[in-house]
Amino acid sequence: MTGAQPIDCLIVGGGPAGMMAAIYLARFRRRVCIADTGASRAALIPRSHNVPGFVHGLSGAELIARMSAQLDELAVTRVEAEVTALQRLAHGFQASWRGGAHEAATVVLASGIVDTHPPFDEWRVAVADGLLRYCPVCDAFEAIGRRVGVGPLGRAAGKALFLRGYSPDVTLLATGQGDDEAAMSRLAEAGVEVVFAPDLRLRRAADRIEAVFADESTAQFDMVYPVMGAEVRSKLAVSLGAEHTADGYLKVDDHQRTSAGGLYGIGDVVTDLHQISVAFGHAAIAACTIHSSLPRRLA
């Protein structure tokens, strides 16, 4: 696409947030392009029950396929590439990727996050089978009455307490000695067992996950929620001076605008409430703001 006519908006990221923004902008009759590597975090969701209208839920892959069909109907241009650089121009931006570049009046960063995975060789299959989970807000309802493991301690106390509202059998697998006495007290009061396991590793055990401790003793769980943080993919915006939190989440206003004019942030790259419905809302707000900011289009 090098040398192509500038477009109204380039969307970096083709997950639920990016695709929803593209759908809105295309229906506003704006020239829009999505640049994406095809590795959306949402594609790993085995079944989401928080998407309105799907009584029995749907998988992340099915959601992406359905939204992709909408993009095809709207003839939205898509480039399979990782945008590696974003440069400000006099009237917009230039995005570059291996073998190509494109200019756009505005850019929406919908690049999301990449989870840090636990020491578990079969993590991808375990996620698909619902044994390894990352979002109790999304699926704690499915953990009702199950044996649940959460860890490590430093980041996991809050999630363990949240999950305790769904199951009486929650164990926090701590990879280091806890020094937050207040958190430890809350866990004890709630009946959450804390097991210190600095050399913890995980493995599959039939339809469960088995925690293996340093002395080779084991414990089995119906599901495990690793809480190990994530890489926020905000580097493109940060390179332009966009304000961000210490964890890398972009700071945006009520219209999803970053502090770098013309650059927007939506979805997981701006919030740690990683929800499809939140991504959809961000996308709608950003797309409406972008449409209003651009020169009027006449039929």
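Attention in this report is confined to the structure presented alongside it. This one's a predicted model, so the numbers in the text were calculated from it and none came from an experiment.

Procedures and definitions
- Residues numbered from 1 in each chain as written.
- Predicted model: local features only at pLDDT ≥ 70, side-chain atom pairs only at ≥ 80, totals over all residues.
- Heavy atoms only, no water.
- Helix = DSSP H or I, 4+ residues; strand = E, 2+ residues; numbered from the N terminus.
- Rg over C-alpha atoms; globule rule 2.2 N^0.38 Å.
- Buried < 20%, exposed > 50% of the residue type's maximum accessible area, 1.4 Å probe, protein only.
- Contact = heavy atoms within 4.5 Å.
- Pairing = 2+ DSSP bridges.
- Axes fitted to C-alpha atoms, helices over the stretch in contact; angles between N-to-C directions.
- Polar contact = N/O pair within 3.5 Å; in protein donor to acceptor, adjacent residues only side chain to side chain.

**A short note on the overall build of the protein chain**
And step 1. Counting its secondary structure elements, the protein chain contains eight helices and 16 strands.
And step 2. Radius of gyration (C-alpha) of the protein chain: 21 Å, near the 19 Å computed for a compact globule of 299 residues.
And step 3. Based on the C-alpha atoms only, the size of the protein chain along its principal axes is roughly 65 × 40 × 35 Å.
And step 4. Taking all 299 residues of the protein chain together, 48% fall into the buried category.
And step 5. Contacts in the protein chain between residues at least 24 apart in sequence constitute 55% of all its contacts with a sequence separation of at least 6.

**A word on the sheet that holds strand S14 (residues 223-226)**
And step 1. An order of S10-S9-S8-S14 is seen for the four strands of this open sheet, with the pairing classed as parallel. Both edges of this open sheet fall to strand S10 (193-196) and S14, since each of them pairs with a single strand only. Adjacent strand axes in the sheet meet at a mean angle of 25 degrees when their direction is disregarded.
And step 2. Relative to S10, strand S9 (residues 170-174) runs parallel, the two being bridged by four bridges. Following the sheet pairing, Leu 172 is matched in S10 by Val 194.

**Some points on the side chain of Arg 133**
And step 1. With respect to the secondary-structure elements, Arg 133 resides in the loop between helix H3 (123-128) and helix H4 (136-139).
And step 2. Within the local environment of Arg 133, its side chain forms a polar contact with the backbone oxygen of Gly 130, the two atoms lying 2.7 Å apart.
And step 3. If sequence neighbours within four positions are ignored, Arg 133 has contacts with Asp 139, Glu 142, Met 223, Val 224, Tyr 225 and Pro 226.

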